[in-house]
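Analysis of the macromolecular model
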Amino acid sequence: MALPPRQFAGTRPPRPLRGTPPLDHYRERELEVAQPTGETKEQAPTITTGEKTQATTTGEKAQAITPKRILFTVIGILLFVGLMAVAFEKVEQQRITAQKTAQKLREAEQRLREAEQKAEQQRIAAQKAEQQRIAAQSKATGFDHINSIGMQFKTIASGSFRMGSPSRQGHSDERPQHQVTISRSFQMGVYEVTLGQYKQYMAAKNITASSRFNSANAQGDNAAVTYVSWNDAKGFIDWLNSKENAGKTCTQTPGGNDSGCYRLPTEAEWEYAARAGTTTKYSWGDAEDEATVGKYAWYRKNTWDIGNKYVHKVGQKLPNPWGLYDIHGNVWEWVYDWFGSYSNTAKTDPTGPSSGSRRVLRGGDWAYSVINLRSARRTDAYPMNRYGSGFRLLRQP
C-alpha cells in the first residue's frame, strides 16, 4: 500500500512523482483558477483552412508576376498595337483608292451623259429641220381629201406604165415586164395607216391588243401600224366604210362604182402610184447608196444596223414625185391581189388571180435591204400572217 506524499514546509514544491503531470501543468491550472469569475481567457486568432489556401494562392500570384513576365506582356501589347495600326492603314488606303475609283467613274458617267445629251440635241434639231422641210413640201402639194379620222389622200390620175422588172433585173416573179393601164383616177393614202388610226378601230370593236402587237407598235400613235394581217386590214376598212359612208354598201372590190368607199389598192394600182411616172428601180432613181436611200426610206441601213429595230413615224422622209410618203420601206404594205405569175399580155385595171392561198405585199420594210425597196419588188404571205406588215388605203373619189 502506497504511502501519502510527504508535506514540506517552505516554498519549494515537492518533486513530482513518476507518472504525475509536470509542474507547468499545475501552474496552468493555478492560473485558470486564479481568473476572476465572468472573465474569459484571451485566445490567439486562428486561421481556417480556406483562409490558408487563399493566402497561399495570393502568395503564388505575387511570386508569378515577375519582371520578365511583365516585359513579355508589354512586348505582346506593343506588337498587337503595331499590327492593328498596319491593318488600319491598309484599310484606309483601300478606302482612299475606292473613293478615287468611284470619283473617276462618276466623272466618266458625267462625260457620257453630256455626250449623249449633245447627240440627242443634234438629233432633235436635225429631225425638226427635216419635219419643217417636209411640212413645207406637204403644204405646197396639198391634200385632196381628209376623212373623219385624219387620213389624208392624194388624187392619182389615170394612165399607163410598164409593170414589173426588165430582163436580168429583180426576182423572177417580177418578170416579164408588161404594159398596164389604169383607166380610172383614184385617191391614194399619203401615209401608211398609223397606229393611232388603227387604235380607233380596235376601241370601236372592243379588240384587245396582244402582247406581240403592243411590242411591235411601241413607237407612238404617229408611227405606221404593223403586225397587222390582210384579214385585220379588211376588218379596219369595213369599219371605216361604215363610219364614213353610213347607209351605203361598200364592197371593197376593185372596179366597182363605189364612190367614197375605201379598199386596199390592187397590186397594179400600188406600183403605178409608187413609180409616180418613173421607170427606174426606185421612185428617186437607181441610186442605192446609203446617203441617197436614207433621204427617202426607213430600211436596214438606218434602222436595224444601228440598233433601231422598230417601225418609224410616218412622213419623216421625202415623198415620191406624186407626194406619197414611205412608199419605199418602213412596213410591208398589203394589197388586194392574190399572188400569181405575170404574163406578157397587156392589161387594163388588173386585179390578179381570182383565187389563191397567199396575198401580195409591196414596198419592203425597215428591216430589209435596199433591193427589197424597189418599185417592182413583190412578196407574198398568208392572209392571216401579221409579221412586219401594215397597209395603205385607196379611196374611190
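Residues numbered from 1 in each chain as written. Predicted model: local features only at pLDDT ≥ 70, side-chain atom pairs only at ≥ 80, totals over all residues. Heavy atoms only, no water.

Moving on, we get to the packing of helix α4 (residues 195-204) against helix α6 (residues 230-244). Closest axis-to-axis distance for the α4/α6 pair is 10 Å, and the angle between their directions is 80 degrees. In terms of their interaxial angle, α4 and α6 are classed as roughly perpendicular. Taken together, the residues of α6 that come into contact with α4 (itself represented by Gln197, Tyr198, Gln200, Tyr201 and Ala204) are Asp232, Gly235, Phe236 and Trp239. Split by residue class, the contact of α4 with α6 holds five nonpolar, three polar and one charged. (Axes fitted to C-alpha atoms, helices over the stretch in contact; angles between N-to-C directions. Helix = DSSP H or I, 4+ residues; strand = E, 2+ residues; numbered from the N terminus. Parallel < 35°, antiparallel > 145°, perpendicular 65-115°, else oblique. Contact = heavy atoms within 4.5 Å. Nonpolar A, V, L, I, M, F, W, Y, C, P; charged D, E, K, R; others polar.)

Moving on: the nonpolar core. Of all hydrophobic cores here, the largest spans 26 residues; its most connected members are Tyr198, Phe236, Phe391 and Leu393. If you list the elements that add at least two residues to this core, you get α4, α6 and β7 (332-338). The contacts of Phe391, once residues within four sequence positions are left out, are Glu192, Val193, Tyr198, Val225, Val228, Ala233, Phe236, Leu264, Trp332, Glu333 and Trp334. Among the nonpolar cores identified, the runner-up in size contains 18 residues, and Ile156, Phe186, Met188 and Val335 belong to it. (Core = buried A, V, L, I, M, F, W, Y, C linked by side-chain atoms within 4.5 Å. Buried < 20%, exposed > 50% of the residue type's maximum accessible area, 1.4 Å probe, protein only.)

Turning to a nonpolar patch on the surface, a few remarks are in order. Together, Ile77, Phe80, Val81, Met84 and Phe88 make up an exposed nonpolar region whose accessible area comes to about 510 Å². As for its placement among the helices and strands, Phe80 is situated in helix α3 (residues 67-141). In this structure Phe80 comes out as exposed when scored by relative accessible area, which is 52%. (Patch = residues over 30% accessible without salt bridge, like charges linked within 9 Å, V, L, I, M, F, W, Y side chains within 5 Å. Areas by Shrake-Rupley, 256 points an atom, 1.4 Å probe, with all protein chains shown as cover. Salt bridge = Lys/Arg side-chain N within 4 Å of Asp/Glu carboxyl O.)

Turning our attention to the pattern of salt bridges. If you walk through the whole model with that rule in mind, you get 14 salt bridges. As a salt-bridge pair, Glu269 and Arg263 come within 3.0 Å of each other at their nearest N and O atoms. Of the two residues examined, Glu269 and Arg263, each falls in the buried class. Where Lys281 meets Glu288, a salt bridge forms, and the shortest distance between an N and an O atom there is 3.6 Å. On the basis of relative accessible area, Glu288 is assigned to the partly exposed category, the value being 33%.

With that settled, the discussion passes to the sheet that holds strand β10 (residues 378-381). If you trace the four strands from one edge of the open sheet to the other, you get β10-β9-β7-β11, paired in mixed fashion. Because the sheet does not close on itself, it has two edges, and the strands there are β10 and β11 (389-391). Taking each pair of neighbouring strands and ignoring which way they run, the sheet shows an average axis angle of 50 degrees. With three bridges joining them, β7 and strand β9 (residues 359-362) adopt antiparallel strand pairing. Across the sheet, Glu333 pairs through a bridge with Arg362, a residue of β9. (Pairing = 2+ DSSP bridges.)

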